Amino acid sequence: MIDAPAMASYWKPASWMAFSLLLACTALAQPPVGRVEATVVDTAGTAISLASLRLLNMDREARQAGSSRYVLEGITAGSYLLEATAEGYAPAMVSLRVEAGQTARIAITLQRAWLTLGEVSVQSDRLETREAVTAASVTAFTARDIRASRLWSLQDISALVPGLYSAHPGDGRNVTTIRGIGTTSYDPAIVTYVDGVSQFNLDTYIPQLIDAERIEVLRGPQGTLFGRNAMGGVIQVKTRQPGNRTRLGLEIHVGNFGLRRSTGTLKAPLVKDRLYIGVALQQEQRAGYFQNLFTGNDFDGYTQRTANLSLQYFSRHRWTATLNVKGHRTLREGAFPLAGNVKAALKAPFVLDQNALARMRDLGANASLSLTRRGEKVRMDIQTAWQSNHRIYEGLLDGDFSRADIVSIYNDYGDRFNRVRVWTQEWRWSSVPKADEKLSWLSGLYLFTQDNPTRQATVFGKDAGLFGIPDKNFSLIQQNMGKGSGAALFGQASYALSKRLQLVGGLRLDQEWRRLEVRGEYEKGTLRFLTRSDTTTSQTYQAISPKAGLEYTLPKKQLVYLTYSRGFRAGGLTPMGSDPRQPPLASYAPEYSDNLELGWKGRGDADKLSYRAAAFLTAVSDAQVPTLLLPDAVTVTRNAGRMRSYGLEASSEARIWNGLSLTARMGLTHARFTRLLVPDNGRPADLSGNRQVFTPTHTGLLTLEYVKPLGRQQRWRLESRGEGLAIGSQYFDLANRIEQPAYVLFHARLGLAGPRWAVHCWGRNLTGRTYISYAYDFGAAHLGPPRTWGATVSRGF
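Every value quoted in this text rests on a predicted model; they were computed, and no experiment measured them. (Residues numbered from 1 in each chain as written. Predicted model: local features only at pLDDT ≥ 70, side-chain atom pairs only at ≥ 80, totals over all residues. Heavy atoms only, no water.)

Draft legend 1. The arrangement of the overall build of the protein chain in detail. Looking only at helices and strands, the protein chain features four helices and 51 strands. The C-alpha atoms of the protein chain give 27 Å as radius of gyration, which agrees with the globular expectation for 797 residues (28 Å, within 12%). For the protein chain, the separation between the mean place of its 95 positive charges and that of its 69 negative charges on side chains is 5 Å. (Helix = DSSP H or I, 4+ residues; strand = E, 2+ residues; numbered from the N terminus. Rg over C-alpha atoms; globule rule 2.2 N^0.38 Å. Lys, Arg positive; Asp, Glu negative; His and termini not counted. Charge placed at Lys NZ, Arg CZ, Asp CG, Glu CD.)

Draft legend 2. Highlighting unusual backbone geometry. In this structure, Arg-179 takes a positive phi of about 55° despite not being glycine. One can find Arg-179 in the loop between strand 13 (175-178) and strand 14 (181-182). One non-glycine residue, Lys-556, lies in the positive phi region at around 60°. Among the secondary structure elements, Lys-556 is positioned in the loop between strand 34 (527-554) and strand 35 (558-569). For Lys-556, a relative accessible area of 62% translates into the label exposed. (Buried < 20%, exposed > 50% of the residue type's maximum accessible area, 1.4 Å probe, protein only.)

Draft legend 3. Examining the pattern of salt bridges more closely. One pass over the full model with this rule turns up 55 salt bridges. Here Lys-524 makes a salt bridge to Asp-471, at a shortest N to O gap of 2.9 Å. With a gap of 53 residues between them, Lys-524 in strand 33 (residues 501-524) and Asp-471 in the loop between strand 31 (439-460) and strand 32 (474-496) connect regions that are remote in the sequence. Taking the relative accessible area as the measure of exposure, Lys-524 reaches 33% and is therefore partly exposed. Taking the shortest distance from any N to any O, the salt bridge between Glu-719 and Arg-717 comes out at 2.9 Å. (Salt bridge = Lys/Arg side-chain N within 4 Å of Asp/Glu carboxyl O.)

Draft legend 4. Structural detail: the sheet that holds strand 13. Taken in spatial order, the three strands of this open sheet run 12-13-14, and their pairing is antiparallel. Since the sheet does not close on itself, it has two edges, and those belong to strand 12 (164-167) and strand 14, each with one partner. Across two bridges, the pairing between strand 13 and strand 14 is antiparallel. Each residue of the ladder has a partner; that of Ile-178, found in strand 14, is Ile-181. (Pairing = 2+ DSSP bridges.)

Draft legend 5. Highlighting the nonpolar core. The biggest cluster of nonpolar side chains holds 71 residues, and the ones touching the most others in it are Phe-141, Leu-151, Leu-676, Val-678, Leu-734 and Ile-772. If one sorts the elements of this core by residue count, strand 41 (residues 660-680) sits on top with four residues. (Core = buried A, V, L, I, M, F, W, Y, C linked by side-chain atoms within 4.5 Å.)

Draft legend 6. Structural view of the sheet that holds strand 18 (residues 233-239). Taking strand neighbours across the sheet as the criterion, the five strands line up as 11-17-18-15-16 in an open arrangement whose pairing is mixed. Strands at the two margins of the open sheet, each flanked by one partner only, are strand 11 (137-142) and strand 16 (197-199). With direction set aside, neighbouring strand axes in the sheet form an average angle of 20°. As judged from the six bridges shared by strand 11 and strand 17 (residues 212-219), these two strands associate in the antiparallel manner. By the bridge assignment, Phe-141 is partnered in strand 17 with Ile-215. (Axes fitted to C-alpha atoms, helices over the stretch in contact; angles between N-to-C directions.)

Draft legend 7. The arrangement of the pairing of strand 18 in detail. The element strand 18 is largely enclosed, with a buried count of seven among its seven residues. What you see with strand 18 is no split at all: Gly-233, Ile-235, Val-237 and Thr-239 on one side and Val-234, Gln-236 and Lys-238 on the other are buried throughout. The pairing of strand 15 (residues 190-194) with strand 18 spans five bridges and is classified as parallel. Counterpart to Tyr-193 in the pairing with strand 18 is Gln-236. Note: strand 17 against strand 18, seven bridges, orientation antiparallel. Bridge pairing in strand 18 places Ile-215 opposite Val-237.

Draft legend 8. Spatial organisation of the environment of Ala-367. Topologically, Ala-367 is positioned in strand 27 (residues 357-374). Of the residues examined, Ala-367 reaches a relative accessible area of 24% and is grouped as partly exposed. Separated by 291 residues in sequence, Ala-367 and Asn-658 have C-alpha atoms that sit 45 Å apart. When sequence neighbours within four positions are dropped, the list of residues in contact with Ala-367 reads Asn-324, Val-325, Thr-384, Ala-385 and Trp-386. (Contact = heavy atoms within 4.5 Å.)

Draft legend 9. Layout of empty space enclosed by the protein. As enumerated under the stated definition, the model contains 18 cavities of 30 Å³ or more in all. Approximately 880 Å³ is the volume found for the second largest cavity. Taken together, 47 residues form the lining of the second largest cavity, with Arg-150, Gln-155, Asp-156, Tyr-289 and Pro-785 sitting closest to its centre. For the lining of the second largest cavity, the secondary-structure elements that each account for two or more residues are strand 12, strand 21 (275-286), strand 24 (301-314), strand 44 (716-727), strand 47 (743-753), strand 48 (757-764), strand 50 (781-783) and strand 51 (788-796). Residue classes in the lining of the second largest cavity are distributed as 21 nonpolar, 18 polar and eight charged. (1 Å grid on protein atoms, 1.4 Å probe; cavity = no way out; pocket = protein on both sides within 12 Å on 5 of 7 lines; lining within 4 Å. Points joined across faces, edges and corners; volume = space filled by probe spheres on them. Nonpolar A, V, L, I, M, F, W, Y, C, P; charged D, E, K, R; others polar.)

Draft legend 10. The pairing of strand 12, seen in detail. The side-chain alternation of strand 12 yields two buried faces, one formed by Leu-164 and Ser-166 and the other by Tyr-165 and Ala-167. As paired elements, strand 12 and strand 13 share four bridges and run antiparallel to each other. Directly across from Tyr-165, in strand 13, lies its bridge partner Thr-177.

Draft legend 11. Representation of a nonpolar patch on the surface. A cluster of nonpolar side chains, Val-378, Trp-429, Leu-439, Trp-441, Tyr-495, Leu-497, Leu-503 and Leu-550, forms an exposed patch at the surface whose accessible area comes to about 670 Å². On the secondary structure map, Leu-503 appears in strand 33. (Patch = residues over 30% accessible without salt bridge, like charges linked within 9 Å, V, L, I, M, F, W, Y side chains within 5 Å. Areas by Shrake-Rupley, 256 points an atom, 1.4 Å probe, with all protein chains shown as cover.)

Draft legend 12. Main features of the packing of aromatic side chains. Here the structure, examined in full by the defined rule, presents 18 aromatic pairs. Centroid distance Trp-152 to Trp-762: 5.8 Å. Interplanar angle 80°. Geometry classified as edge-to-face. Taken together, the residues span a long stretch of sequence, with Trp-152 in the loop between helix 2 (143-148) and strand 12 and Trp-762 in strand 48 at a distance of 610 residues. Both rings, one in Tyr-276 and one in Phe-314, keep their centres 5.7 Å apart while their planes meet at 75°; by these two values the pair is edge-to-face. Taken together, the residues span a long stretch of sequence, with Tyr-276 in strand 21 and Phe-314 in strand 24 at a distance of 38 residues. The exposure classification of Tyr-276 matches that of Phe-314, with both residues buried. Through a chain of ring-to-ring contacts, the aromatic side chains of Phe-401, Phe-694, Phe-732, Tyr-774, Tyr-776 and Phe-778 assemble into a single cluster. Over the ring of Trp-762 we find Arg-150; its NZ or CZ atom is 4.8 Å from the centre of that ring. (Phe/Tyr/Trp six-rings, centres within 6.5 Å; stacked < 30°, edge-to-face > 60°. Lys NZ or Arg CZ within 6 Å of the ring centre and 35° of its normal.)

Draft legend 13. Inspection of the side chain of Gln-740 at higher detail. Secondary-structure assignment places Gln-740 in strand 46 (residues 739-740). Within the structure, Gln-740 has its side chain in polar contact with the backbone nitrogen of Ile-772 (distance 2.8 Å). Setting aside anything within four residues of it in sequence, one finds Gln-740 in contact with Gly-728, Ser-729, Gln-730, Phe-732, Arg-769, Tyr-771 and Ile-772. (Polar contact = N/O pair within 3.5 Å; in protein donor to acceptor, adjacent residues only side chain to side chain.)

Here's what the structure looks like:
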């Protein structure tokens, strides 16, 4: 195995070596090239002049050379999928073959989106392909779906995907579960990728959606190709990339609770066919949903700004360089709008009584450089990424959720602390698809380093005696200096046993190293002394993640598959808290899941109906069970048992009649611990048989949408949409005492859309349902959003 501590010292120079290697490859004999010429028309034969055409896995947009003619030049000889999209039309894909020195000519006919489903591309195997031929449970949202469902944050996909639930306690960091596998600590079990970059943990990812072109959710363990913390699934977000056409966009939202949200985008070529730039800027602000009786003001209002910058360069030597930079800043006036318990939250909805009013400042930044080169037989991808987050509370944060001065939290100790930094490096090699090739494969190497220094004080005030604390007006300071690094080798291959039957196999080897140094201090006025001197420990973890499967293609666009996959969540070390009964530096092992899935998917002959179904069985061993220690909000994790989860999922989408569409999705999940022993007042408590937390028994979605074209040329259309979301009962604590019964939410959208302008009115939670969306195991509860409504105006140039 690779020595992880030593690896951390050389991986950054190794990335530059890889860059030099890539440049050296350009000096070798260049692969032969050809060109593509396409015409795009509608069903009446009318030219579509504002279409977007790109080759999958190249992100290279065709140059428009006439009213309906599009050209791609300098394309390496080989087999490709060409995707064509246009506003108001369903996406289409065409297979083509590019020969050296020749022009591949194709004709594409697009149909209106309200009359046919079209085809959607996904990246379930790290490379783009048709969703219909992907042997996995995938839910994909196109740009049109993202607008129609008003998806502004990844939390908004909760229940839109079968078996998925997502919520947060008010600070914007989502706890997400899929099929009973959940993100209940800072090492998630659902990994998120944005533009191909793994968002390392809850401290570094940016959940806000800006300029999103596609969202994909893969359910079930995906560790072979996606690595650490993908044991429950993967969420992939792809933003719009720039191309040869200059595009400007502006979108403005206004709503109740003082909502103001504005987004501006620019996509343009700096050098035709060579260099492109993309910029997206967003600002959002809202007054609080909650009222604080202590101040008489609203509590959880916020202002946030998000920015994306992308530069893309296509070399004459067939390599592509893409630079993505993303930044996010949130100022939240009241980070945790929590009631002391569920009864209080429901008795007086959206009313709090907190005396410590810290403002949360959350600064996040991501940057990545990706290099790609496609040869005749092998494609090479190299990616270097950096992520950073600095999250502090300006002032004291209430820890007792009351107007009494009992306990609060403080962590504003400067730039040195509470700033997470992560570097990742990945190399991938994959076969170039060919129509007659039986074997396809992908392999790679992944490295990372992480620096996580934290310093936080638990401040006990003048009323500390109400918690049984004999002292008052003092602080216990906990300092945890964490570091980590890791390496992984992975590969996956697919072999065609016959024209209809394929065999899939994969393997990933991971090794991680963790180091934690802790320090404790007591502070009261000018008095300060150590309660724990600097203490350090380290630990190494390994994991093996295999995958095997069979795929069988049936007649009439149907696919059946059976897969086994193994996932894991990284192990770690317990940080230091203020409770001396909880010693720090205890190690907990990785958590593993073994998953069996049987799936079936298909499409109708006229592309007006699609259907998918899957049955799954997941067994979790060495289950990591987090416990939140009060009052300093430190999470202690233990390997405390085993869990079994099984269920059924189904979805269907149909164009019913002349503009009327229906989407239905459902998921049934039965997730219980077969063995669970947790400490309770110094003694083990047997909670075997209890249900998993943050796991509704069912999720359901029913959407009806009607589009009425206006005018002879149908350039304008009236759009109406209604959504019903059903979320089953769930528990928020392992003892299964804090429960939210099943509930239903209703959303709606109505508006007018044209080639350049669109105006819509929308409403969410229209019935004003009051429900608990998140609760801690000690009882504090957070309500889901109340009834909200607003209007959206968008303009394209």
